[in-house]
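# Fold and geometry: a report
The lines below spell out each chain.
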Amino acid sequence: ALLASTLISAPAQADDFSFDSTIDLLTALNIQQTNLLDFGVIEAPTNGDVIAHVTTGSQVGAAETATRIDSSTLDAGQYLVTGSSLNTINIIASNDANITGFTFQELNAKYDNGSETDLITTGLNNLAAPSASGKNLVIGAKLLVANNVAEGTYAPSFTLTVIYE
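Since the model is a prediction, treat every value here as computed from it, not as a measurement. (Residues numbered from 1 in each chain as written. Predicted model: local features only at pLDDT ≥ 70, side-chain atom pairs only at ≥ 80, totals over all residues. Heavy atoms only, no water.)

### Some points on the pattern of salt bridges
For the record, the criterion: Here, a salt bridge means any Lys or Arg side-chain nitrogen found within 4 Å of an Asp or Glu carboxyl oxygen. Runs of E in the DSSP output that reach at least two residues are strands. Runs of H or I that reach at least four are helices, and both are numbered from the N terminus.
One pass over the structure, following the stated rule, counts 3 salt bridges. A salt bridge links K142 to E106, with the shortest nitrogen-to-oxygen separation between them at 3.4 Å. Highlighted residues: K142 in strand 10 (residues 135-145) and E106 in strand 7 (residues 102-111), separated in sequence by 36 residues.

Structure (structure tokens):
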């Protein structure tokens, strides 16, 4: 009985343990357009859908089926990607389909003079960290123009998504 009362009346022993945690703070990613993606002037299609094609080198691409009227304004899109110098990034794109009759079939891009990849189907992955001074992204595209789209000036759009890995 003496042993039982000693065990019950003994004060409980408590120890505190301290643990660290970690957090990384990264500069927000940003993309600024420095040059508009420009397909130039093509003839409005009347005998079926056509493709207007601009390469990342600002040339008429081999996939073009449109009747080209003027190439003087033809230009690849150029963008400056800025952010942290600590983490690699991924870039993907999607077609906004903001204007009936226009669909981006491909958005071919080069990041920091790297290899060319379609941002819609594959995306660019494990890219060098952009840093505060930024890295260049150049985009060429294949744009499907539907038959019988009326004459006019249009601004079909796409969305770029840039994320840290």
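The structure having been displayed, the exposition proceeds.
### What about the sheet that holds strand 11 (residues 158-164)?
Put simply, the rule reads: Any two strands with at least two DSSP bridges between them are considered paired. Only the contacting stretch of a helix is used when fitting its axis, a line to C-alpha atoms as for every element, and angles between N-to-C directions run 0 to 180 degrees.
The strand order 9-6-11 describes an open sheet built from 3 strands, whose pairing is antiparallel. Each of the sheet's edge strands pairs with one partner strand only, and the pair in question is strand 9 (124-127) and strand 11. Across the sheet, the mean angle from the axis of one strand to that of its neighbour is 20°, orientation sign disregarded. One ladder, built from 7 bridges, connects strand 6 (residues 89-95) with strand 11; its direction is antiparallel. In the strand pairing of strand 11, I91 is matched with V162.

### Here's the deal with the layout of surface pockets
For clarity, the cut-off: Whether a set of points on the 1 Å grid over the protein atoms alone is a cavity depends on a 1.4 Å probe fitting there but being unable to get out, while an open set qualifies as a pocket with protein on both sides within 12 Å along at least five of seven lines; lining residues are those with an atom within 4 Å of a point. Grid points are joined across faces, edges and corners, and a volume is the space filled by probe spheres set on the points. The residue classification treats Ala, Val, Leu, Ile, Met, Phe, Trp, Tyr, Cys and Pro as nonpolar and Asp, Glu, Lys and Arg as charged. All others, Gly included, are polar.
Approximately 740 Å³ is the volume found for the largest pocket. In terms of lining residues, the largest pocket is bounded by 29 residues, among which F39, G40, Y154, A155 and P156 are the most central. Breaking the lining of the largest pocket down by element, the ones donating at least two residues are strand 1 (30-35), strand 2 (41-42), strand 7, strand 10 and strand 11. Tallied by class, the residues present in the lining of the largest pocket amount to 22 nonpolar, 4 polar and 3 charged.

### Overview of unusual backbone geometry
Convention followed: Relative accessibility decides the category of a residue: with a 1.4 Å probe and only protein chains considered, values under 20% of the type maximum give buried, values over 50% give exposed, and everything between is partly exposed.
For A97, which is not glycine, the phi torsion reads 50° and is therefore positive. Of note, A97 is situated in the loop between strand 6 and strand 7. With relative accessibility at 51%, the residue A97 sits in the exposed group. A positive phi is found at D112, a non-glycine position, where the angle reads about 55°. Within the fold, D112 resides in the loop between strand 7 and strand 8 (117-118). In this structure D112 comes out as partly exposed when scored by relative accessible area, which is 39%.

### Remarks on the nonpolar core
Inclusion rule: Side-chain atoms within 4.5 Å are what join buried Ala, Val, Leu, Ile, Met, Phe, Trp, Tyr and Cys residues into a set we call a nonpolar core. Whether two residues are in contact is decided by their heavy atoms, any of which lying within 4.5 Å being enough.
Within the largest apolar cluster, 28 residues are counted, with the highest numbers of intra-cluster contacts made by I91 and L137. Elements with a minimum of two residues in this core: strand 3 (50-54), strand 5 (77-82), strand 6, strand 7, strand 9, strand 10 and strand 11. If near-sequence neighbours (up to four positions away) are discounted, I91 is found in contact with Y111, L119, G123, L124, L127, L137, T161 and V162.

Note that all results are geometric; they support no functional claim without further evidence.
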